[in-house]
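Chain and residue survey
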Amino acid sequence: MQTARVLQEKALQANEEQFLTFRLDGQEYGIDILKVQEIKGWDKMTPIPNSPPYVKGVLNLRGVIVPVFDLRLRFGLPEAVRDAFTVIIVVNIGGRLAGIVVDAVSDVINIGAEQQCAAPEYEGQQNREFIMGLAQADGKLLILLDIDRMVNPEALDKTETQFSAKCSACCF
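Small disclaimer: the values here were computed from a predicted structure and weren't measured. (Residues numbered from 1 in each chain as written. Predicted model: local features only at pLDDT ≥ 70, side-chain atom pairs only at ≥ 80, totals over all residues. Heavy atoms only, no water.)

Take the nonpolar core next. Core analysis: the biggest nonpolar cluster contains 26 residues, and Phe 22, Ile 31, Leu 71, Ile 89 and Leu 145 have the highest contact counts within it. The dominant element in this core, judged by the number of residues it contributes, is strand β6 (residues 87–93), at four residues. When residues no more than four places from it in sequence are discounted, the contact partners of Phe 22 are Gln 27, Glu 28, Tyr 29, Gly 30, Ile 31, Leu 71, Ile 89, Val 102, Ala 104, Val 105, Ser 106 and Leu 145. Grouped together as the second largest cluster of nonpolar side chains are nine residues, Met 45, Leu 61, Val 66 and Val 90 included. (Core = buried A, V, L, I, M, F, W, Y, C linked by side-chain atoms within 4.5 Å. Buried < 20%, exposed > 50% of the residue type's maximum accessible area, 1.4 Å probe, protein only. Helix = DSSP H or I, 4+ residues; strand = E, 2+ residues; numbered from the N terminus. Contact = heavy atoms within 4.5 Å.)

With mixed pairing, the five strands of this open sheet are ordered in space as β3-β6-β7-β5-β4. In this open sheet, the two edge strands, each paired with only one partner strand, are β3 (36–41) and β4 (55–61). Each adjacent strand pair in this sheet contributes to an overall mean axis angle of 30°, direction not counted. Taken together, the six bridges between β4 and strand β5 (residues 64–70) define a ladder with antiparallel strand orientation. (Pairing = 2+ DSSP bridges. Axes fitted to C-alpha atoms, helices over the stretch in contact; angles between N-to-C directions.)

So, about the side chain of Asp 146. As for its placement among the helices and strands, Asp 146 is situated in the loop between β11 (140–145) and α3 (147–150). Not counting residues within four places of it along the chain, the set of residues in contact with Asp 146 comprises Phe 130 and Met 132.

In structure tokens, the structure reads:
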């Protein structure tokens, strides 16, 4: 039986990268498997006052406080009822942990450079900065996400500033 390290080395030798794939509102997404620390079932968390709606709160993961983001809300999708398939993917970004809520985890797949392409550009692209590209794998089109940028505090600050500016322009 091969270990994960041996499988990873074979993937890298074949000029491929491994991605954890998951579903969100029926669409398949992928993130770099090397950023994933663990996958955890849906759990109650402590809400943080005055947070953006996509920040679901924090959870205590073996003594480490982890902020949790709902990708549905982050991408402007409707909130979903949590079920047995809903999971929190805990990612490690530069030594900091963050959780992302997704509808379901699908698989770990290898994607070669020839399977990847840039996402098409168009006007009014919200959250485009989080998309690394697209990939065709197993007959499915995957959206590859840049999880570093998505959970980066600077990106969160930028989004919160934009959200506040929009609200003050239309609501106040």
